[in-house]
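# Fold and geometry: a report
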Amino acid sequence: MSHSYFWRKLHSLSGILPLGIFLMVHMFINSMATLGQENFNRGVSLLHNIPYLWFFELVVIFIPILYHAFYGIWVVYLTRNNIENYRYFRNWLFYLQRVSAVITLLFVTWHVIGLRFSEGVISNNITFEFVSAALNQPVILVLYLIGLLASFGHFANGLWSFLVSWGITVGEQAQRTAAYGSFVVFIILTAVGINALLAFI
Amino acid sequence: MAKDIRLVIKRQANPKSADYVEEFVIPYFPKMNVVAALMEIQKNPLNAKGDVTTPVAWDCNCLEEVCGACTMVINGQARQACSALVDQLTQPIHLAPLTKFPVVRDLVVDRKVMFDNLRKVKAWIEVDGTHDMGPGPRVSPKVQEQAYRLSKCMTCGCCMEACPNVNPKSNFIGPAPIAQVDLMNSHPTGALQRERRLEALMTEGGIADCGNAQNCIKVCPKEVPLTRSIARLNRATTFHGIKSWFNK
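Residues numbered from 1 in each chain as written. Chains lettered and ligands numbered in written order. Predicted model: local features only at pLDDT ≥ 70, side-chain atom pairs only at ≥ 80, totals over all residues. Heavy atoms only, no water.

## Describing the overall build of chain B
The criterion, for reference: The helix and strand labels rest on DSSP assignments: H or I over at least four residues marks a helix, E over at least two residues marks a strand, and numbering proceeds from the N terminus. Burial classification: accessible surface area is computed with a 1.4 Å probe over protein chains only, and a residue below 20% of its type maximum counts as buried, one above 50% as exposed, and the rest as partly exposed. Residue contacts are defined here by distance: any two heavy atoms, one from each residue, within 4.5 Å place the two residues in contact. His is not counted, nor are the chain ends, whereas Lys and Arg count as positive and Asp and Glu as negative. Note that the charge is assigned to NZ on lysines, CZ on arginines, CG on aspartates and CD on glutamates.
If you tally the helices and strands in chain B, you get eight helices and seven strands. Once the C-alpha set of chain B is aligned to its principal axes, its extents read approximately 70 × 40 × 30 Å. Considering chain B as a whole, with its 248 residues, one finds that 51% of them fall into the buried category. Counting only contacts in chain B whose residues sit at least 6 apart along the sequence, the fraction spanning at least 24 positions is 61%. With 31 positive and 24 negative side-chain charges, chain B shows a spacing of 5 Å between the two charge centroids.

As structure tokens, this is what we get:
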């Protein structure tokens, strides 16, 4: 086994575990806002007070994101898209996976700088009021909608691709069923994510 | 009824010269294919402007979509010129050489890389000696059927041409040799070298470079189950990788 095989497989895995799981947990925690302002603020302060928070952030979030992003840029570079001549459904999704990758990368960078590092390494200002003030600016709201859709689409299609790349779905029927399943994941994430976003408006 | 066919052909005099486009107008006859159209140019090498030009060079051999030699880009898609019927093509008919291989001249390309890749993944069955080793192992009809579908690959290069991950920037070996590993591994004698083939697929440019665009299975003229083979070998290489790591 060469190193390239290992790193490529790790790229596929890191998108699901931990990043995909983290994305789902993130949307779930955001949804606390739908139950009201105090509920959200309580949830955030609970998260900020769990033990070994720095370890979780570093190992479960930052390192996997940086790895997935940098290796992903290389993967995007290695591709020569050809949807103009080969207009197949899967080829479109393959292309959109790369488009959404770039959008998600820009969005996540902006999002993390703005919300996680707004006050330096430790930010304690994340409250309902703070997020609400930001999202009530139409430009920011639209950018968030685009960023959310891109990351949900990237994750859902990446999930389908992961199942093929790891040899879990082999036959055509299994791959088709997995595609419907990934689409359901996309719809649920979109519904939950947008519902949480609109709770701040 | 006399009808004319208009061809727009991307040409190149030799591997090092610049490419250019030349148009041709040739007489139509019923049921003609692209090879027949190119033969008309060969008979009377005049371009659409009426100037004398060099006849367009192309490769062909079997003329029944079995050898893969006449594979070229016809109206944007890779396919065989012999099975591309003029009646079914929109005009003008655009012909170009395959873009993933070095051009030799006009529509002739050098597909050597495909054969190098077959060698890389050890796509053969080793028999140690020419002496009589008795009857070979029995192969179940189920495996035979699967092997037959895989054995239809004619190394034409359509899957390579349509694959977005096969290009000058990447080292990806492409779908065709991966399916041949599936074929060789499915044979009881071939299976003796199974792990060596899996390891070859796990080197740089191997199976992990597949991005699941799945264009290969759409364009394959022989309907080789390429994506199934890729997924099967994704599973086999994953297990092999984990197993060899724990056995290290």
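## Notes on the overall build of chain A
Going by this rule: We compute the radius of gyration from the C-alpha atoms alone; for a globule the expected value is 2.2 Å times N to the 0.38, where N is the number of residues. Note that accessible areas follow from Shrake-Rupley with a 1.4 Å probe, and for residues the cover is restricted to the protein chains shown.
When helices and strands are tallied, chain A shows eight helices and zero strands. In sequence order, chain A lays out its α and β elements as α-α-α-α-α-α-α-α. Against the 2.2 N^0.38 benchmark of 17 Å for 201 residues, chain A shows a C-alpha radius of gyration of 18 Å, consistent with a compact globule. For chain A, the spread of C-alpha atoms along the three principal axes comes to 50 × 35 × 30 Å. Every one of the 201 residues in chain A was classed for burial, and the buried ones make up 42%. Partitioning the intrachain contacts of chain A with sequence separation of at least 6 by distance along the chain shows that 74% fall at a separation of at least 24. Total accessible area on chain A stands at roughly 11,100 Å², and carbon and sulfur atoms take up 76% of it. Looking at chain A, you have 9 positive and 6 negative side-chain charges, and the mean spots of the two groups are 17 Å apart.

## Examining the interface of chain A and chain B
Put simply, the rule reads: Each of two parts loses accessible area, computed with a 1.4 Å probe, when they are put together; buried area is these two losses added. Whenever a carboxyl oxygen of Asp or Glu lies within 4 Å of a side-chain nitrogen of Lys or Arg, that contact is scored as a salt bridge.
At the interface, 31 residues of chain A touch 37 residues of chain B. Taking both sides of the interface into account, the surface hidden between chain A and chain B amounts to around 3,100 Å²; carbon and sulfur atoms contribute 50%. Considering only the side of chain A, the residues that lose the most area to chain B are Tyr5, Arg80 and Tyr86 of chain A, jointly responsible for 22% of the buried surface there. At the junction of chain A with chain B, the criterion picks out two salt bridges. Note that Arg228 of chain B and Glu172 of chain A form a salt bridge whose closest N and O atoms lie 3.4 Å from each other.

## Thoughts on the domain arrangement of chain B
All names here are of chain B. Defined as follows: Segmentation of the chain into domains, including their bounds, is taken from an automatic or database domain assignment.
Entries for chain B in the domain assignment read domain 1 (4-109) and domain 2 (112-247). Its C-alpha centre places domain 1 at a distance of 31 Å from the equivalent point of domain 2. Every contact between the two is made by 13 residues of domain 1 and, on the other side, 13 residues of domain 2. Both sides of the domain 1 and domain 2 interface together cover about 1,100 Å² of buried area, and 57% of this is carbon and sulfur.

## Quick look at the sheet that holds strand S3 (residues 71-74) of chain B
All names here are of chain B. Convention followed: Each pair of strands is called paired provided DSSP finds at least two bridges between the two strands. In this analysis an axis means a line fitted to C-alpha atoms, helices contributing only their contacting stretch, and an angle means the value between N-to-C directions, from 0 to 180 degrees.
Taken in spatial order, the five strands make up an open sheet running S2-S1-S5-S3-S4, and their pairing is mixed. If you trace the sheet from one side to the other, it starts and ends with strand S2 (20-27) and strand S4 (77-80), each paired once. Averaged over all adjacent pairs, the angle separating strand axes in this sheet is 35°, with direction ignored. Of the strand pairs in this sheet, S3 and strand S5 (residues 93-96) are connected by two bridges, and their pairing is antiparallel. What sits directly across from Ile74, in S5, is Leu95. Sitting on the sheet, helix H1 (residues 34-43) touches strand S1 (4-11), S2, S3 and S5, and the angle it makes with S2 is about 95°.

## Some points on H1 of chain B
Residue and element names in this part refer to chain B. Along H1, seven of the 10 residues are buried, which leaves the element largely enclosed by surrounding structure. Restricting attention to buried positions, one finds in H1 the residues Val34, Val35, Ala36, Ala37, Leu38, Glu40 and Ile41. Packed against the buried residues of H1 are S1, S2, S3 and S5.

## Some details on a nonpolar patch on the surface
Residues and elements named next belong to chain A. This is how it is decided: Grouping into patches uses exposed residues only, defined as over 30% relative accessible area, and leaves out salt-bridged ones; the cut-off is 9 Å for like charges and 5 Å for nonpolar side chains (Val, Leu, Ile, Met, Phe, Trp, Tyr).
Together, Leu47, Ile50, Tyr52, Trp54, Phe55, Phe56, Leu58, Val59 and Ile63 make up an exposed nonpolar region whose accessible area comes to about 900 Å². With six residues, helix H4 (residues 53-77) is the single largest residue contributor to the nonpolar patch. Secondary-structure assignment places Ile50 in the loop between helix H3 (37-48) and H4. Judged by relative accessible area, Ile50 falls into the partly exposed class, the value being 34%.

## Concerning the packing of helix H2 (residues 19-30) of chain A against helix H8 (residues 172-198) of chain A
The geometry of a pair of packed helices is captured by two quantities: the angle between their axes and the separation between those axes. All names here are of chain A. Selection rule: Any angle between 65 and 115 degrees counts as roughly perpendicular, while under 35 counts as roughly parallel, over 145 as roughly antiparallel, and the rest as oblique. Each crossing gets its hand from how the near helix is turned against the far one by less than a right angle, where anticlockwise is left-handed and clockwise is right-handed. Any residue outside Ala, Val, Leu, Ile, Met, Phe, Trp, Tyr, Cys, Pro, Asp, Glu, Lys and Arg is labelled polar, Gly included; the first ten of those are nonpolar and the last four are charged.
For the pair H2 and H8, the least separation of the axes is 8 Å and the interaxial angle reads 40°. With respect to each other, H2 and H8 are oriented oblique. Seen along the crossing, H2 lies across H8 with a hand that is left-handed. Contact residues: H2 offers Leu23, Met24, Met27 and Asn30, while H8 offers Leu189, Val192, Gly193 and Ala196. A class-by-class count of the residues in the contact of H2 with H8 yields six nonpolar, two polar and no charged.

## Overview of the pattern of salt bridges
All names here are of chain B. According to the stated counting rule, one finds 11 salt bridges over all chains in the structure shown. For the salt bridge of Arg11 with Glu22, the shortest nitrogen-to-oxygen distance reads 2.7 Å. With a gap of 11 residues between them, Arg11 in strand S1 and Glu22 in strand S2 connect regions that are remote in the sequence. As far as the burial class goes, Arg11 and Glu22 line up, both buried. Arg11 is the partner of Asp106 in a salt bridge, and the nearest nitrogen-oxygen pair spans 2.9 Å.

## Let's talk about the pairing of S5 of chain B
Pairing analysis gives three bridges linking S1 of chain B to S5 of chain B, with the strands arranged parallel. What sits directly across from Ile9 of chain B, in S5 of chain B, is Leu95 of chain B.

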